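One letter stands for each residue in the lines below.
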Amino acid sequence: MDTQQIDVMVADASHEVYVDTILETIRNAAKVRGTGIAERTHEYVATKMKEGKAIIALEGEKFAGFTYIESWGNKQYVATSGLIVHPDYRGLGLAKRIKQASFLLARLRWPKAKIFSLTSGAAVMKMNTELGYVPVTFNELTDDDAFWKGCEGCTNHDILVSKNRKFCICTAMLYDPEDPKNMKKEQERNNI
């Protein structure tokens, strides 16, 4: 399949019809991988769409992939979360397109914010690294309790709590727009 047949776009209220499929796809992927995942409600994901804080990938009317972003700590941080590609579309480079779109959306909406990602997936770590993220300790992320509350639905939450939010199974990765390497990458991206 040619991934150019798949549209990657900022989601809006019209895409709420895909929310249950998105949530089911995320749950199934977590079971297959045997990893924890922060559970989200239908309402939470639908709100991200309505606020223009989500990226959805569709082949015509068929769901192909999704992710969302949210600002934390008085908009000093942005998290990219919930990246998922439907099994029918894996291995096509679609996750990378979705990740890049969410990264650009975050940079556009909050250009001065540090962008972070918590992941246990090697593929996401690789994509993050290509975008300029670096592994960091959890204390370099937001201290916004509302963000950390989102981890309560994860099967590994007890580890996070027992370690006083200092580390968990996930790897923390951070993109700092003020890092000179990232400033240079940004200039190169804007000149292309």
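Keep in mind it's a predicted model, so treat the numbers as computed, not measured.

**Student:** Quick one: what's the story with the packing of aromatic side chains, residue by residue and with numbers?
**Tutor:** Enumeration according to the criterion identifies 10 aromatic pairs in this entry. Ring geometry for Phe66 against Tyr68: centres 6.2 Å apart, planes inclined by 40°, an arrangement best described as tilted. A relative accessible area of 4% means that Tyr68 is categorised as buried. Ring centres 6.1 Å apart and planes at 80° place the aromatic pair Tyr77 and Phe116 in the edge-to-face group. Highlighted residues: Tyr77 in strand β4 (residues 77-85) and Phe116 in strand β5 (residues 114-119), separated in sequence by 39 residues.

**Student:** Give me the lowdown on the state of the cysteines, citing residues and values where you can.
**Tutor:** Summed over all chains, the structure comprises zero disulfides. In this structure Cys170 is a free cysteine whose sulfur lies 6.0 Å from that of Cys168, the closest cysteine sulfur available.

**Student:** Any details on the side chain of Asn128? Residues and values, ideally.
**Tutor:** On the secondary structure map, Asn128 appears in helix α4 (residues 122-131). The residues contacting Asn128, other than those within four sequence positions of it, are Lys99, Ser117, Thr119, Tyr133 and Met173.

**Student:** Mind laying out helix α1 (residues 19-33), listing which residues take part and the relevant values?
**Tutor:** Over its 15 residues, α1 runs 21 Å from end to end, which matches the ideal 21 Å to within 8%, given 1.5 Å per residue. Along α1, the residues classified as buried are Val19, Ile22, Leu23, Thr25, Ile26, Ala29 and Ala30. With its buried residues spanning 160° around the axis, α1 presents them on a single face. Exposed and facing more than 90 degrees away from the buried side of α1 are Lys31 and Val32. On its buried face, α1 is in contact with α2 (42-50), β2 (54-59), β3 (62-72) and β4.

**Student:** Tell me about the pairing of β3, residues and numbers included.
**Tutor:** Of all the 11 residues making up β3, 10 are buried; the element is thus mostly covered by neighbouring parts of the structure. Strand direction decides the pairing type here: β2 and β3, joined by six bridges, are antiparallel. Bridging across to β3, Leu58 finds its partner in Phe63. Adjacent in sequence and paired antiparallel, β2 and β3 are bridged by two residues, among which Gly60 carries a positive phi angle near 65°.

**Student:** I'd like a description of the packing of helix α3 (residues 94-109) against α4, backed by residues and values.
**Tutor:** Taken N-terminus to C-terminus, the directions of α3 and α4 make an angle of 45°; their axes are 10 Å apart at the nearest point. When the axis of α3 is compared with that of α4, the two are oblique. Handedness of the α3/α4 crossing: right-handed. Here α3 contributes Ala95, Lys96, Lys99, Gln100 and Phe103 to the contact with α4, which in turn contributes Met127, Asn128, Glu130 and Leu131.

Cut-offs used in this document
Residues numbered from 1 in each chain as written. Predicted model: local features only at pLDDT ≥ 70, side-chain atom pairs only at ≥ 80, totals over all residues. Heavy atoms only, no water. Phe/Tyr/Trp six-rings, centres within 6.5 Å; stacked < 30°, edge-to-face > 60°. Buried < 20%, exposed > 50% of the residue type's maximum accessible area, 1.4 Å probe, protein only. Helix = DSSP H or I, 4+ residues; strand = E, 2+ residues; numbered from the N terminus. Disulfide = S-S within 2.5 Å. Contact = heavy atoms within 4.5 Å. Expected span 1.5 Å × (residues − 1). Arc of directions from axis to C-beta. Pairing = 2+ DSSP bridges. Axes fitted to C-alpha atoms, helices over the stretch in contact; angles between N-to-C directions. Parallel < 35°, antiparallel > 145°, perpendicular 65-115°, else oblique. Left-handed = near helix turned anticlockwise from the far one by under 90°.

By themselves, these observations are geometric and do not establish any function.
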